[in-house]
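Given next are the chains, with one letter for each unit.
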Amino acid sequence: KIDQERIGQYIIMGELSLDGSLQPICGALPIAIQAKKEGFKGFILPSYNAKEAAVVEGLEVYGVNTLTEVLDYFNRKIELTPIRVDTRKEFYERLSEYEFDFSEVKGQENIKRSLEIAAAGGHNVILIGPPGSGKTMLAKRLPSILPPMTMREALETTKIHSVAGKTKDVGLMAQRPFRSPHHTASSVSLVGGGSYPQPGEISLAHNGVLFLDELPEFKREVLEVMRQPLEDREVTISRAKFTITYPSSFMLVAS
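The model shown is predicted, which means the values in this text are computed figures rather than measured ones. (Residues numbered from 1 in each chain as written. Predicted model: local features only at pLDDT ≥ 70, side-chain atom pairs only at ≥ 80, totals over all residues. Heavy atoms only, no water.)

Chemist: Help me understand the pairing of strand β5 (residues 60-64), please; the structure alone is not making it clear to me.
Modeler: The side chains of a regular strand alternate, first on one face of the sheet and then on the other. Bridging between strand β4 (residues 42-46) and β5 involves five bridges; their strand directions are parallel. Directly across from Gly-42, in β5, lies its bridge partner Glu-60. You can see the chain leave β4, run along helix α3 (residues 47-53) and come back into β5, and the turn it takes is right-handed. (Pairing = 2+ DSSP bridges. Helix = DSSP H or I, 4+ residues; strand = E, 2+ residues; numbered from the N terminus. Right-handed = clockwise from strand over helix to strand, strands pointing away.)

Chemist: Help me understand the packing of helix α2 (residues 28-37) against helix α8 (residues 151-163) in this model?
Modeler: To characterise two packed helices, one gives the angle between the axes of the helices and the distance between these axes. Taken N-terminus to C-terminus, the directions of α2 and α8 make an angle of 115 degrees; their axes are 7 Å apart at the nearest point. Between α2 and α8, the contacting residues are Ala-28, Leu-29, Pro-30 and Ile-33 on the first element and Leu-155, Thr-158, Lys-159, Ser-162 and Val-163 on the second. Residue composition of the contact of α2 with α8, grouped by class: six nonpolar, two polar and one charged. (Axes fitted to C-alpha atoms, helices over the stretch in contact; angles between N-to-C directions. Contact = heavy atoms within 4.5 Å. Nonpolar A, V, L, I, M, F, W, Y, C, P; charged D, E, K, R; others polar.)

Chemist: Which parts of the structure should I look at to understand the nonpolar core?
Modeler: Buried together is how nonpolar side chains tend to be arranged in soluble globular proteins. The biggest cluster of nonpolar side chains holds 26 residues, and the ones touching the most others in it are Phe-43, Leu-45, Leu-59, Val-61 and Phe-91. Looking at which element gives the most residues to this core, the answer is α2, with six residues. (Core = buried A, V, L, I, M, F, W, Y, C linked by side-chain atoms within 4.5 Å. Buried < 20%, exposed > 50% of the residue type's maximum accessible area, 1.4 Å probe, protein only.)

Chemist: How do you make sense of empty space enclosed by the protein when you look at a structure like this?
Modeler: Rolled over the atoms, a probe sized like a water molecule indicates the empty space that remains. A complete count under the given rule lists one cavity of 30 Å³ or more for this structure. Of the pockets and cavities examined, the largest cavity occupies roughly 40 Å³. Forming the boundary of the largest cavity are Val-85, Thr-87, Glu-90, Phe-91, Arg-94, Gly-171 and Leu-172. In terms of residue class, the lining of the largest cavity is built from three nonpolar, two polar and two charged. (1 Å grid on protein atoms, 1.4 Å probe; cavity = no way out; pocket = protein on both sides within 12 Å on 5 of 7 lines; lining within 4 Å. Points joined across faces, edges and corners; volume = space filled by probe spheres on them.)

Chemist: I tried to follow the sheet that holds strand β13 (residues 251-254) on my own but got confused; where do I start?
Modeler: Adjacent strands of a sheet pair through backbone hydrogen bonds, lying either parallel or antiparallel. Read across the sheet, four strands follow the order β6-β13-β10-β7 without closing on themselves; strand pairing throughout is parallel. The open sheet has two free edges, formed respectively by β6 (125-126) and β7 (178-179), since each of these has just one partner strand. When β6 meets β13, the two strands line up parallel, connected through two bridges. Looking at β13, one finds that Val-125 is bridged to Val-253.

Chemist: Just to check I follow, could you spell out the environment of Ile-25 for this structure?
Modeler: Among the structural elements, Ile-25 can be located in the loop between β3 (22-23) and α2. Accessibility expressed as a relative area gives 18% for Ile-25, which makes it buried. For the pair Ile-25 and Val-163, spaced 138 residues apart in the sequence, the C-alpha separation amounts to 9.0 Å. In this structure, Ile-25 is in contact with Met-13, Gly-14, Glu-15, Ile-31 and Asn-49, ignoring residues within four places of it in sequence.

In structure tokens:
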């Protein structure tokens, strides 16, 4: 049904629904990077993921909504327009868009000074105080005073979130991640794993902040498994068939 020579130049990925429509996939950015390395001409994938894959320069990225569009494109019945994204421009425009800003904290000069020093040196922090004294509020606003992400850090961070299926309809992530797992979280959800190993909270917080609220409430085994990733800045998950390493260079803030 399809011209085979043309189809061999493309990587085609998508989750196919029974009605022929295409659902989003995880890991579009790492797949696009690999496609370029292996010399493919283009990448056809669901429209939802197209902007993320278009971050990779030198690869034609086409967003489609149904399988029929893909068939019609290869049979030259329709033309698809490659998605173009000015990655650098978009990235730098969104660098200073923060949901929570440090300037919203009134007073608290001592703790603000301490957090500024911690942010400058990338130190880990523990906040101790009665309920309602602003510990969580301060922690949430910490990413807004961390140094802006570089393009390389943004690419790394977006790749991890892409693999975990956490990227929204954006190109590169421009803000440092802030992850705050609940104290009932298991060691697998924190460190990563599962039968198809997924990044855990410590990897999703890579280049950003991991906030553990109510630190003494976390299970001891959960805190113990964080020792090595905190030192090595990466976590290795071993399974019978393969071993996978995820980066986990984060700033730990506990309260």
